[in-house]
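# Results of the structural survey
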Amino acid sequence: MPKRKHNSDLDYIQRVIDLRKVDPSPYQLRRHFDEDKLKELAASIQREGLIEPIVVRPKRDRYELIAGERRFRALRDYTSIKTIQAQIVKASELQARRISAAENLQREDLSAIESIEAVVEIVDAELIEDKEYASMGKNPADRVKTLLGKLDSVRRNKERRYNVSEEIRHTSNKFIGRVKNIFAKLPKPLEWLSFLNNDLPLLIDFCEEVQEISIQHRLNRSQTRALAKLRSASEKEFQRVTAYVQSSPNAEMGHVSTDFWQRDLRDLSAREIEEIADKAAKKECLKDLNRARVIPSFSFEAKNLFMSRLGIAVTRIAARLKVNRLTALKYSENPSLVRSIRSSLEKGHPIHQVAQEHRCPEPLVWSIALEGKSDYERFKSLNWGLRAWDYWYFNDLDPRFGDRWPGQIPAQLVGHTLFYFTQEGELVLDPMAGGGVVPDTCLAFNRRCWSFDVVDRPETRPEIEPFQWNPERLVWPVRGKEKPDLIFFDPPYFKKQESHYPQESISTLSRKEYLQFFKALFPLFREHTKAHARIAFLNSDWPPARKAYALEGESFKEYQQEKKIRNKVSFFQTTLTS
């Protein structure tokens, strides 16, 4: 029999073999085969013959398929042909896996998910004989992600001139050249860093349902991301859009036009899918915003976890909840409650329903739902539009964060401040917390927050510790060495809403006392904050100066002196309308 030499070091023998003696490849990643396309391929082979033989390897008295799954299935299932031309190669398990992976990646009809799986398979097959690499995960995707993640970590640390451990440096030096070489030799060369950041998340982070539909309809990367966005926005709308191709146009499709029915899911652009997702998200958000906020009686475990996630010390949690320190420490992380909340979220239950089910604050559920997301992704998940840092104008309140309170501020304002002026994990001080918008938003954005207020509400607001800033004797509310990275200072405005605040409020002070209070307080802030800390100071516009002072018979010169005080203590001011 003639021998044919391929690019590899393996010898191939071409021969006609019995179809019944061929077993499917164990390395075939493809999970969906279009039956109509297989029938078309079978008819083509019957007319024109088999142009490209399948590749097999002998295994006892049978053959194991390495490449050519569609050709094999077409002949086996849709023709009466009993034999097939094959190239027989004596290949090891690893060699067979490599050939199969390379053949998979060269297919023209690959979906995005299958293409990513093929690259993972090639990288894994090339490196799996290395014991260090083999120990990096239980499956190929995990191993590839772990290795590329380590290489990226070294790259980023070098850019920032950070020290890298000897072990990680050794791993990087050992694998970086091999990884670059593997990606350069792919049928379509690819940068490993781009693959890690843009491709692997589709395979690892997206649910199986989205992946299966992406494969079935051969969606590209953008379409697959848009589909995942749609599923996150609305499970109901996701099912409608993806089920229409399998059902009649009689199913209810909401705002989707009738033309939609005439198109395959693959023919919908990513932008079109995203538009459906955005409409669904807005619809869900409006439904959520318009509902009545229910504040349940929180469980002890929920209170403890809530305060712990805000970075409140165990000793303070214990004192606040009136338990001993060991009890507070025991429930500070509470993996059981976290798992239970995650389970409810994975079932598609809305945030407010999960909060009621587990007797915990909604922001606590949001903090768990948004774990692992970047600040930008958190904004998108909350359906907030991100605005330039120097142009903020918010005229609506998000009822998911904070209680109804005199002078309540929009959570969007707090979120923007956190986005532009803090990093994840940093500490925010809210000296006059009121309705709790700041700690709620900090929790959703993975910031720690210490909150204080003169009004004590231990049952519904355990995280807001009771404290009064005494103008006669100003002291710092906590002991310890840790200092805030940001102070979000939203005090009661001068005389505005005065009747709604308790007698101890600074809104009852005279104008001169009000300004003197700030003059004394801000040096205390500076003393107890980090060197790089900022103060976000919110206050309403002062009454028209000349008119206000003229009414009280005071000189404009005195106004200008007091204005200097205000300018010294204000980091930024913004006018809020609500």
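Look a little higher up for the structure.
Computed from a predicted model, the values in this text were never measured in an experiment.

## Structural notes on the environment of K82
- You can see K82 is positioned in the loop between α2 (69-78) and β6 (83-89).
- Distance in space between the C-alpha atoms of K82 and D18 is 6.1 Å, their sequence separation being 64 residues.
- Residues within four places of K82 in sequence aside, it is in contact with I17, D18 and L19.

## Re the sheet that holds strand β8 (residues 448-453)
- On the basis of which strands lie adjacent, the open sheet formed by five strands has the order β9-β8-β7-β10-β11 and parallel pairing. Strand pairing shows two members of the sheet lacking a second neighbour, β9 (464-466) and β11 (534-537), which therefore form its edges. Ignoring strand direction, the axes of neighbouring strands in this sheet form an average angle of 20°.
- As judged from the three bridges shared by β8 and β9, these two strands associate in the parallel manner. Residue pairing for β9: F452 is matched across the bridge by E465.
- Against the sheet, helix α14 (residues 314-321) makes contact with β8 and β9, and its axis sits at roughly 70° relative to β9, the strand it touches most.
- Contacting β7 (427-430), β10 (486-489) and β11, helix α20 (residues 411-421) crosses the sheet at an angle of about 160° to β10.

## Structural notes on unusual backbone geometry
- Of note, N383 is a non-glycine position whose phi angle comes to about 65°, a positive value.
- Locating N383 in the fold gives a position in the loop between α19 (375-381) and α20.
- On the basis of relative accessible area, N383 is assigned to the partly exposed category, the value being 33%.
- The phi dihedral of N446 falls on the positive side, at around 55°, and the residue is not glycine.
- Following the sequence through the fold, N446 ends up in the loop between α21 (437-444) and β8.
- The class of N446 is partly exposed, set by a relative accessible area of 37%.

Rules used in this analysis
Residues numbered from 1 in each chain as written. Predicted model: local features only at pLDDT ≥ 70, side-chain atom pairs only at ≥ 80, totals over all residues. Heavy atoms only, no water. Helix = DSSP H or I, 4+ residues; strand = E, 2+ residues; numbered from the N terminus. Contact = heavy atoms within 4.5 Å. Pairing = 2+ DSSP bridges. Axes fitted to C-alpha atoms, helices over the stretch in contact; angles between N-to-C directions. Buried < 20%, exposed > 50% of the residue type's maximum accessible area, 1.4 Å probe, protein only.

Honestly, it's all geometry; don't read function into it.
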